[in-house]
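Understanding the architecture of this molecule
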Amino acid sequence: MNRYALSTLVAAAALAAAGGASAQSIVIGSLDDLTGPTSANGKEFAAAKSDAVKWINANGGINGKKLEMLSFDYSYKAPVAITTYKKWAGDNPRPQVIYGYGTADTEALSAMVNTDKVVYLSHSFSANLTDPAGTSKKVEKPTPYNFFHGPSYSDGCRALVQWAAADFKKKGGKGKAKFVYMGDNHPYPNSAKEACMAYAGKQGMEVLPVIQYSMAPADFKAQCLSLKETGANYTYLANAANATIALLKSCATVGVKTQYLTNIYAYSEPVMTAIGDAADGVVAPIHVAPWGTDVSGMRRVREIGGAEPKSTFYMAALCTMMYLREALITADKSGGVTGENVRKAMYAKANWEPEGLAGVCAPATWTDKDHRSVIDVPIVQGTMSGGKPGWKKLDVVHLGREAEWFGR
Amino acid sequence: MKSGLLLQFALNGLIIGTLYGMVAMCFVLVFKASRAVNFAQGEFLLVGAWLCWGFMSQLGVPLWAGFLLTTVAMALLGALIQAVVIRPLIGEPVISVIMVTIGLSVVLRGITLWIFGPEPKSFPGGSGGATVNLAGLNIEAVYLWGAGAAVIGMAAFAWFFKYSRLGLAMRATAFNQQVAQSLGVSIQRIFIVSWAISALVSGVAGVVVGVVNGISPGLSLFGIKVFPAVILGGLDSIVGAIVGGIVIGLLENLAQFVDGEYLHWGNLYVVAPFYALVLVLMLKPYGLFGTRDIERI
Amino acid sequence: MSTGTSRRCGDFRTRYAQEMTWFPSPRSAAACAIGLGLLLLAPLVLKNYGLALLIQIGYLGIAALGLNLVTGFTGQISLGHAAFFGFGAFASAWLSNRHGVPVLLAMPAAGVLTALVGLVFGAPAARIKGLYLAIATLAAQYILEDFFNRATWFTGGAAGANAQPANLFGFVFSGDVRYFYLVVVAVVAMFGFAANLMRTRDGRAMVAVRDHYLAAEIMGIPLARYRILAFGLASFYAGVAGALMGHYVGFVSTESINILLSVQMLGMIIIGGMGSIMGSLLGAAFMVLMPEAVEGLFHALGLIGGGADKGLVYLKEISIGLVIILFLVFEPEGLAHRWRQTKAWWKLYPFTH
């Protein structure tokens, strides 16, 4: 019946529309979330990706070849990510690199990209994507083709905990510092929970029971009352931006006094502006230099992105794109851009900062045994003065490459 | 047992509950009049919040003026939606109407994303400003205004449905459309009015929630919270909706109190209302105040 | 069933058996066989993308059919179907990973486990009716979601569960072409079972419960039994569908098992046509292909290029919602009804009846 014809027609149309790349261009895929639940982050990532592609093509391309990025808004729906991947897999030329997005698509596609040998960059920093050879025995499937730039969610939280323990002593705290992990019972917030709470215990903190708050923003005064009752000294907020905004506002109203720690995707300049004064003082592990930091690489950032200030989300995607650029250049020189060659190119340098971006992206090291790219985690504190967000650099926490933490 | 803390939780639950009740009331209004279950209720809240924000930031008007403009705009929107989307489906099985409201929610969400963008924003002029201290609990003044509005609204609706002509006409339509029509009631007008009022009140609730918690596309999920309240109170009872809302608000907060102090399971705040709902439905299948469907053979 | 389609003049049935055939006429049966044949030849024409779409339509169609059994045929609205879908996926992965059950056995076994869970939630259905039941199933959805996130022994918690590809005596069903055939077999089996069910006594009892349960009860049909049976069957279908999805993607996570999926499945049966077996498949096809078609249309018109063309991305979202609304405004009874009308028009042209 018509449904077969229709699907063939759609497939043909999509293929015809998508496969417009010439032989002298390098095609990569890109998944965005512009209309789904994390669209606030997704919009920034997408802007950075497209600005980076424009700049790359205006500045020599990939060894003279044009870089083409096929973007698709998958609305954070895993089935759509899968069909898009299949669509690209049928293209000619077929993308050898996909710049993915978050937990939903990365996890859904990880089995496929590792079988098909397609390099998959993501903004999901889940710890179970860090073991390429299966040596940790903690991940069920090794993921040699999954890469991300930044500390894993667990490592980020561990770094915060280490900072907090030192901070507690520095401020003259007596006895054990109280630590609370707050988040929804959902894969994204849960990803760092066990690792972080275990490490907090190891650092001599008193680990209080988890307080749950949903990913959907709501009135969180009840949870804030519970938090206030616990008297926690350090509170880690694991959800994404929308819920964390509501939580910080509710807790400010209730009058909770605690040092907030949060994850990288819950906190950036636009988020701070939306929260208002309650955003002042929150500490986060941000592995990129915020806009306007006095480092030589900021000039290149302005070249790529323009004169308007950009958020830390934008910077994170920009860094990943520039790492990709260098990996593509290396791969193209040594035998052509295939998934395997790009993967090898990612292992080429240690303590790698993208060329021209000195001081902007935390130096990364990928090896074929360990995809934990950043283990020297910059700890940054956000400030709000007069309604304007700002940043204060606190410390760089050196986590070791502990075998025990690998994959968790 | 920490009675002071418990009181704070109860108070918070009461205030938030009236807000839930307000949204549940909108739901019931639409159902009572046009037998349609409105799955786009959450999006109405979102649209109301964004409209008020838009008025305030683009026209530079203060909150109360933006608020009034929003009420007018939402009433018009409600009437428009009824005329364009719901009216063609009069007489169709209720499940088709449900699906249309689902489609409507997708459209509204897309439109707000397009016009206002996905980034969360806060209302100009800070969040609710003043806080009031009741029994040790700080509550945003806006919530109290919202709660007060809800109570006044409930009283107004109770009077409206009992004594005014239009209210009586609406009840008649809800009871039996054909008989009401044969007695000269204009069904079209009733439907438009009920949707307009429902949209208006949702917009108000949306503004209250948005002022306190900031506006983001996630605000529409507030609508899902309302379903247990509506069912608890009974789908066709306005009083039931408010009571249901308050019960859910109290239940959530008391569950959080118990969870935070004693059980430490973590999830009670979210699931307690649903467990309670299932229990109530086992005992009273039509909700606490719903009219029992008398089956005639 | 053979009723509901206009037949040609002179086509008289003289025996019950003739009345109860699956297809209304030999021609209709032949058309179905040809269609099935074409489907089996599809991998020669379609590449992975097209096959992936068909596979998705296949397992979502099975889930939609389950929902149609309980909602369309028995009249009980269920908003928790996605939770059962997810449960089946997790159960199948758990059985094949932890207990070494071969995948092809784990899938139906997962279906049975899901059916048992469905029976538990179906029990209150005997008392609760209509929209109240819808919300009770919504509660079931949230309760099960919470269970998935908590029961890390079952679901693997935040990391999710990896599901292996199916393996039949060494023939591994990896890759889209092989899995496509597996899904075709599953679809034919499940749909055949449902079509058969509807022409038996139990099927007719379910329809009677939907149409006028008082009359049905008076005639001696035990209401509670058939309502619970419907829930159990629907859960079985959802479980098998979930298992098929899990072993195709290779990974099961709670990220995608949420209320939106339940609503989408409800949408599939409403748009496809409630109370119609074929409608379930049509509705699933509509929901899967429509966003792709809208996307393809926008691409073909050159509107969405590389990079974030933000305004038009939102327009795509809006158009999907608009298509649903417009479709329902013009055809509230679903695709199956429209199909029947089209067939009738074709047969009777130039007459109107």
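Residues numbered from 1 in each chain as written. Chains lettered and ligands numbered in written order. Predicted model: local features only at pLDDT ≥ 70, side-chain atom pairs only at ≥ 80, totals over all residues. Heavy atoms only, no water.

Before going further, it helps to spend a moment on the overall build of chain C. Of regular secondary structure, chain C possesses 15 helices and four strands. Computed over the C-alpha atoms, the radius of gyration of chain C is 21 Å, within 12% of the 20 Å expected from 2.2 N^0.38 for a compact globule of 353 residues. For chain C, the spread of C-alpha atoms along the three principal axes comes to 60 × 55 × 45 Å. Counting every position in chain C, which comprises 353 residues, the buried fraction comes to 56%. (Helix = DSSP H or I, 4+ residues; strand = E, 2+ residues; numbered from the N terminus. Rg over C-alpha atoms; globule rule 2.2 N^0.38 Å. Buried < 20%, exposed > 50% of the residue type's maximum accessible area, 1.4 Å probe, protein only.)

A tally of regular secondary structure across chain B gives eleven helices and two strands. In sequence order, chain B lays out its α and β elements as α-α-α-α-β-β-α-α-α-α-α-α-α. Taken over C-alpha atoms, the radius of gyration comes to 19 Å for chain B, in line with the 19 Å a tight globule of 297 residues would show. In chain B, of all internal contacts separated by at least 6 residues, the share reaching a separation of at least 24 is 73%. (Contact = heavy atoms within 4.5 Å.)

So, on to unusual backbone geometry. Residue P350(C) follows Y349(C) across a cis peptide bond; omega there is 0°. Even without being glycine, Y76(A) reaches a positive phi, approximately 60°. You can see Y76(A) is positioned in the loop between β2 (66–73) and α3 (78–89). We classify Y76(A) as buried; its relative accessible area is 17%.

What follows concerns the confidence of the model for chain C. Caution applies to low-pLDDT parts of the model: their predicted coordinates are not meant to be read in detail. All names here are of chain C. Mean pLDDT over chain C stands at 84; residues scoring 70 or higher make up 92%. The secondary-structure element of chain C with the lowest mean pLDDT is strand β2 (residues 167–168), recorded at 68, while helix α3 (residues 48–72) shows the highest, at 92. Scored by ipTM, the complex comes to 0.84, with pTM at 0.86. (pLDDT = per-residue confidence, 0-100.)

What follows concerns the state of the cysteines. Residue and element names in this part refer to chain A. Considering all chains together, one arrives at three disulfides over all chains under this definition. Disulfide partner of C224: C251, at an S-S distance of 2.0 Å. Between C224 and C251 the disulfide shows an S-S torsion of about -90°. By sign, it is left-handed. Here C251 lies in helix α9 (residues 241–254) and C224 lies in helix α8 (residues 221–230), a separation of 27 residues in the sequence. Just as C224 is buried, C251 falls in that class too. (Disulfide = S-S within 2.5 Å.)

A word on the interface of chain C and chain A. Many authors give the size of an interface as the accessible area that is lost as the parts come together. Each side of the interface is counted separately: chain C has 46 residues, and chain A has 46 residues. Across the interface of chain C and chain A, roughly 4,100 Å² is buried in total on both sides, 63% from carbon and sulfur atoms. Inspection of the region where chain C meets chain A yields one salt bridge. The salt bridge involving D176(C) is made with K86(A); its shortest N-O contact spans 2.9 Å. The tally of links from chain C across to chain A stands at seven residue pairs in polar contact (both at pLDDT 80 or more). Secondary structure elements with two or more residues in the side of chain C that touches chain A: α2 (26–45), α3, α4 (81–98), α6 (130–150), α11 (223–249), α13 (277–300) and α14 (310–330) of chain C. Of the residues that constitute the side of chain C that touches chain A, the class distribution is 22 nonpolar, 13 polar and eleven charged. (Buried area = accessible area lost by both parts, 1.4 Å probe. Salt bridge = Lys/Arg side-chain N within 4 Å of Asp/Glu carboxyl O. Polar contact = N/O pair within 3.5 Å; in protein donor to acceptor, adjacent residues only side chain to side chain. Nonpolar A, V, L, I, M, F, W, Y, C, P; charged D, E, K, R; others polar.)

Bringing helix α8 (residues 187–213) of chain B into the picture now. All names here are of chain B. The end-to-end C-alpha distance of α8, which contains 27 residues, comes to 38 Å, matching closely the 39 Å that a straight helix rising 1.5 Å per residue would cover. Most of α8 is tucked away, with 22 of its 27 residues classed as buried. Two residues or fewer after α8 comes G214, characterised by a positive phi angle close to 85°. (Expected span 1.5 Å × (residues − 1).)

Residues and elements named next belong to chain A. For T262, the location among the structural elements is in strand β10 (residues 259–262). A relative accessible area of 1% places T262 in the buried class. At 3.0 Å, the side chain of T262 forms a polar contact with the backbone oxygen of L237. Discounting chain neighbours no more than four positions away, the residues touching T262 are L160, Y236, L237, T244, Y267, V282, V283, A284 and P285.

Contact with chain B, which involves 44 residues of that partner, is made by 38 residues of chain C. Contact between chain B and chain C buries roughly 3,800 Å² in total, counting both sides, with carbon and sulfur atoms accounting for 80%. Ranking the residues of chain B by area buried against chain C places I95(B), M99(B) and W114(B) at the top, with a combined share of 17%. Remark: the boundary between chain B and chain C carries zero salt bridges.

Residue and element names in this part refer to chain A. Topologically, L34 is positioned in the loop between β1 (25–32) and α2 (39–58). For L34, a relative accessible area of 2% translates into the label buried. Sequence separation between L34 and Q212 is 178 residues; the distance between their C-alpha atoms is 27 Å.

Residues and elements named next belong to chain A. In a regular helix each residue adds 1.5 Å, so twelve residues correspond to 16 Å; α3 covers 16 Å between its end C-alpha atoms and thus fits that length. For α3, a buried count of ten out of twelve residues is recorded, marking the element as mostly surrounded by other parts of the structure. Turning to α3, its buried residues are A78, A81, I82, T83, T84, Y85, K86, K87, W88 and A89.

Turning to the sheet that holds β2(A), a few remarks are in order. Whenever strands of a sheet pair, they do so through backbone hydrogen bonds, lying parallel or antiparallel. All names here are of chain A. The strand order β2-β1-β3-β4-β5 describes an open sheet built from five strands, whose pairing is parallel. The open sheet terminates on both sides in strands that have one partner only, identified here as β2 and β5 (146–147). Two strands pair when backbone bridges link them, and strand β3 (residues 97–99) and strand β4 (residues 119–121) are joined in this way by three bridges, in the parallel orientation. Directly across from Y99, in β4, lies its bridge partner L121. Relative to β3, helix α12 (residues 312–333) is tilted by about 175°, and along the sheet it contacts β1, β2, β3 and β4. (Pairing = 2+ DSSP bridges. Axes fitted to C-alpha atoms, helices over the stretch in contact; angles between N-to-C directions.)

Right, let's get into empty space enclosed by the protein. As enumerated under the stated definition, the model contains eleven cavities of 30 Å³ or more in all. Of the volumes computed, that of the second largest cavity is approximately 150 Å³. A78(A), A108(A), V249(C), F251(C) and S256(C) are, among the 16 residues lining the second largest cavity, the residues nearest its centre. Residue assignment for the lining of the second largest cavity shows that the elements contributing at least two residues are α3 and α4 (103–116) of chain A together with α11 and β4 (251–252) of chain C. Element by element, the count of residues in the lining of the second largest cavity is highest for α4(A), at four residues. Partitioned by chemical class, the residues of the lining of the second largest cavity number eleven nonpolar, three polar and two charged. (1 Å grid on protein atoms, 1.4 Å probe; cavity = no way out; pocket = protein on both sides within 12 Å on 5 of 7 lines; lining within 4 Å. Points joined across faces, edges and corners; volume = space filled by probe spheres on them.)

A separate point is the packing of α8(A) against helix α1 (residues 3–34) of chain B. Two numbers describe how α8(A) lies on α1(B): the axes approach to 10 Å, and their chain directions differ by 165°. In terms of orientation, α8(A) and α1(B) fall into the roughly antiparallel class. Judged by the sense of rotation from one axis to the other, the crossing of α8(A) with α1(B) is right-handed. Two secondary-structure elements touch here, α8(A) through K221(A), A222(A), L225(A), S226(A) and E229(A) and α1(B) through L5(B), Q8(B), F9(B) and N12(B). Across the contact of α8(A) with α1(B), the residue classes break down as four nonpolar, three polar and two charged. (Parallel < 35°, antiparallel > 145°, perpendicular 65-115°, else oblique. Left-handed = near helix turned anticlockwise from the far one by under 90°.)

This part is about the side chain of T84(A). All names here are of chain A. Here T84 lies in helix α3. Judged by relative accessible area, T84 falls into the buried class, the value being 2%. Ignoring anything within four residues of it in the chain, the contact list for T84 reads L31 and F72.

To continue, consider the nonpolar core. Grouped together as the largest cluster of nonpolar side chains are 343 residues, with contacts concentrated most on F179(A) and F85(C). Examining the composition of this core, we find that 18 residues originate from one element, α1(B), more than from any other. Core analysis: the next-biggest nonpolar cluster, separate from the first, contains five residues, L34(A), A46(A), V313(C) and Y314(C) among them. (Core = buried A, V, L, I, M, F, W, Y, C linked by side-chain atoms within 4.5 Å.)

We now examine a nonpolar patch on the surface. Residue and element names in this part refer to chain C. On the surface, L36, L40, V177, Y181 and V188 cluster together to form a nonpolar patch covering roughly 360 Å² of accessible area. It is helix α8 (residues 176–198) that contributes the most residues to the nonpolar patch, three residues altogether. Its relative accessible area of 42% is what places V188 among the partly exposed residues. (Patch = residues over 30% accessible without salt bridge, like charges linked within 9 Å, V, L, I, M, F, W, Y side chains within 5 Å. Areas by Shrake-Rupley, 256 points an atom, 1.4 Å probe, with all protein chains shown as cover.)

Turning next to the packing of aromatic side chains. Summed over the entire model, instances satisfying the criterion amount to 51 aromatic pairs over all chains. Seen from their ring centres, F125(A) and Y153(A) are 5.7 Å apart, and the 35° between their planes marks the pair as tilted. Placement of F125(A) in the loop between β4 and β5 and of Y153(A) in helix α5 (residues 153–170) is noted, with a sequence separation of 28 residues between them. For the pair F125(A) and Y153(A), one class covers both residues: buried. Judged by centre distance (6.4 Å) and plane angle (50°), the ring pair of F90(C) and F154(C) falls under tilted. Note that F90(C) is positioned in helix α4 and F154(C) in helix α7 (residues 152–155), a separation of 64 residues in sequence. Residue classification places F90(C) among the buried positions, given a relative accessible area of 1%. Through successive ring pairs, a cluster of aromatic residues spans F45(A), Y74(A), Y76(A), Y101(A), F125(A), F148(A), Y153(A), Y188(A), Y265(A) and F313(A). (Phe/Tyr/Trp six-rings, centres within 6.5 Å; stacked < 30°, edge-to-face > 60°.)

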